[in-house]
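# Coordinate inspection notes
The residues making up each chain are set out below.
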Amino acid sequence: LGIDAQGFISAVNANDPDIYILATNVRMSAKKAYDTDPGIILMLNRKKISVKDALGQSLVQPDTEVVTFKMKAKDAAKVCIDCTACEKICPLHLPLLKIIKDLKKDGKFSEM
Amino acid sequence: MIQKSTVKLIILLVMATLVVFFTRKVIIEKFPGNYPMITPSLEFKTAFYKDRVEFTLPKATKSGRIIIYAYNIEGGYFGILKPIYNNTVKVYRNDFADFSINIEWNKITDVIFLKQMDRYIKRVNMFDLLELGRSKHLRHGVQACLYPICTKCTDGCKSVLPNGDLPIKMMVMKNGQIMPVFFRGKCPRCGKCFIWCPSEVIKKGKKPWEM
């Protein structure tokens, strides 16, 4: 899904689940992206634009399938399928799955 | 007269039987759970349009995503991960494959992810492949199992059976899709596969005495 696992670590370090992290291959309808967060950055014709602007400028229709580029850490966690590829490959054995599960639950970090 | 050694042997056998009888649950039933059950392939309808190919499914998967696959003339497998909306999956003209799999004699030899972060290392148009599949009768369709993006079932097996010889193996079906195949004899019934499966391809099956 192109979700940058390092982004989750940055979000933990900043204690801010609202920071934008790379999620470069998540496909969803423009409406769903807007409902999730109007600030989601899309990759549209090789240009980066927020879903709010893309809909506002009629570059996409609400039912158009879009590919995301950046989204909030808490939203990225929700679309993550928990494939655990990040945790398997992490040389520092960071508890990435726990972070993702915490964010999935209530969009916040629990005590580590 | 029974010899002393024979008596000793009988006592030893009785003791061994008693030990096995009282500890069998600990030794044999380490994971006294259910066997997994592999769900059959999804049936779907395909409709080709000028700008898209639509796959209509009887129901959405648990993860809300599915893989659309298509083979090229050389027998290479290409797939794209797609969201499901209203039980429909659409592949558009400018959709490129996310990954390819090399298959030799129905065995997976290599997996290559074609999109790495925001750039493609190779662009393979899925719409064109599906069109080709329709015209040349090549294998194409939907795959509920999210392999190779997800390998949680085999990861679960590996965590319990680290020495290999796993009860779940990913295999290529006749229709070309890749699905987990389960071999009951080797399964320790830990249940990780059906608990972890994000698309409910592997479900909780029956217990041995219910079969």
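Details of the structure are given in the entry above.
First, a word on scope: everything that follows refers to the structure included in this document. (Residues numbered from 1 in each chain as written. Chains lettered and ligands numbered in written order. Predicted model: local features only at pLDDT ≥ 70, side-chain atom pairs only at ≥ 80, totals over all residues. Heavy atoms only, no water.)

### Here's the deal with the overall build of chain A
The helix and strand inventory of chain A stands at 6 helices and 5 strands. In sequence order, the secondary structure elements of chain A are arranged as α-β-β-α-β-β-α-β-α-α-α. The C-alpha atoms of chain A give 14 Å as radius of gyration, which agrees with the globular expectation for 112 residues (13 Å, within 12%). By principal-axis analysis of the C-alpha atoms, chain A measures approximately 45 × 25 × 20 Å. Relative to its 112 residues, chain A shows a buried fraction of 46%. Sequence separation of 24 or more characterises 58% of the internal contacts of chain A that already satisfy a separation of 6 or more. Working note: accessible area of chain A is about 6,000 Å², and carbon and sulfur atoms make up 52% of it. Looking at charge distribution, chain A has the averaged site of its 17 positive side-chain charges lying 3 Å from that of its 14 negative ones. (Helix = DSSP H or I, 4+ residues; strand = E, 2+ residues; numbered from the N terminus. Rg over C-alpha atoms; globule rule 2.2 N^0.38 Å. Buried < 20%, exposed > 50% of the residue type's maximum accessible area, 1.4 Å probe, protein only. Contact = heavy atoms within 4.5 Å. Areas by Shrake-Rupley, 256 points an atom, 1.4 Å probe, with all protein chains shown as cover. Lys, Arg positive; Asp, Glu negative; His and termini not counted. Charge placed at Lys NZ, Arg CZ, Asp CG, Glu CD.)

### Here we look at the packing of aromatic side chains
Residues and elements named next belong to chain B. Under the criterion given, the structure shown has 8 aromatic pairs over all chains. Ring centres of Tyr-69 and Tyr-77 lie 5.6 Å apart, and the angle between their planes is 5 degrees; this geometry places the pair in the stacked category. When sorted by exposure, Tyr-69 lands in the same class as Tyr-77, which is buried. With a centroid separation of 5.4 Å and an interplanar angle of 85 degrees, the aromatic rings of Tyr-71 and Tyr-77 are classed as edge-to-face. With respect to burial, Tyr-71 and Tyr-77 carry one shared label: buried. Above the face of the Tyr-49 ring, Arg-52 is positioned so that its terminal group lies 4.3 Å from the ring centre. Above the ring of Phe-96, the side-chain terminus of Arg-123 is found at 4.9 Å from the ring centroid. (Phe/Tyr/Trp six-rings, centres within 6.5 Å; stacked < 30°, edge-to-face > 60°. Lys NZ or Arg CZ within 6 Å of the ring centre and 35° of its normal.)

### Some words on helix α1 (residues 5-14) of chain A
Residues and elements named next belong to chain A. When we look at burial in α1, the residues that qualify are Ala-5, Gly-7, Phe-8 and Ala-11. Viewed end-on, α1 has its buried residues packed into an arc of 155 degrees, placing them on one side of the element. Within α1, the exposed residues directed more than 90 degrees away from the buried face are Gln-6 and Asn-13. Elements that come into contact with the buried residues of α1 comprise β1 (20-22), α4 (73-79), α5 (85-89) and α6 (96-106). (Arc of directions from axis to C-beta.)

### Brief notes about the sheet that holds strand β11 (residues 140-143) of chain B
All names here are of chain B. If you walk across this open sheet you meet the 5 strands as β8-β7-β5-β4-β11, and the pairing is antiparallel. Lying at the two open borders of the sheet, with one neighbouring strand each, are β8 (107-113) and β11. Across the sheet, the axes of successive neighbouring strands diverge by a mean angle of 25 degrees, strand direction being ignored. Pairing of strand β5 (residues 77-83) with strand β7 (residues 99-104) involves 3 bridges; the strand directions are antiparallel. (Pairing = 2+ DSSP bridges. Axes fitted to C-alpha atoms, helices over the stretch in contact; angles between N-to-C directions.)

### Points about the interface of chain A and chain B
With 22 residues of chain A in contact, the opposing surface of chain B contributes 23 residues. Between chain A and chain B, roughly 1,700 Å² of surface is buried when both sides are summed, and carbon and sulfur atoms account for 48% of that area. For the chain A face of the interface with chain B, the top three residues by lost area are Arg27(A), Glu65(A) and Ile81(A), together amounting to 39%. For the pair chain A and chain B, the interface holds 3 salt bridges. Put simply, Glu65(A) and Lys82(B) hold a salt bridge, and the shortest N to O gap is 2.3 Å. On inspection of chain A and its partner chain B, the count reaches 11 residue pairs in polar contact (both at pLDDT 80 or more). At the level of elements, β2 (27-29) and β5 (65-72) of chain A are the ones that each hand at least two residues to the side of chain A that touches chain B. (Buried area = accessible area lost by both parts, 1.4 Å probe. Salt bridge = Lys/Arg side-chain N within 4 Å of Asp/Glu carboxyl O. Polar contact = N/O pair within 3.5 Å; in protein donor to acceptor, adjacent residues only side chain to side chain.)

Geometric values such as these leave the question of function open.
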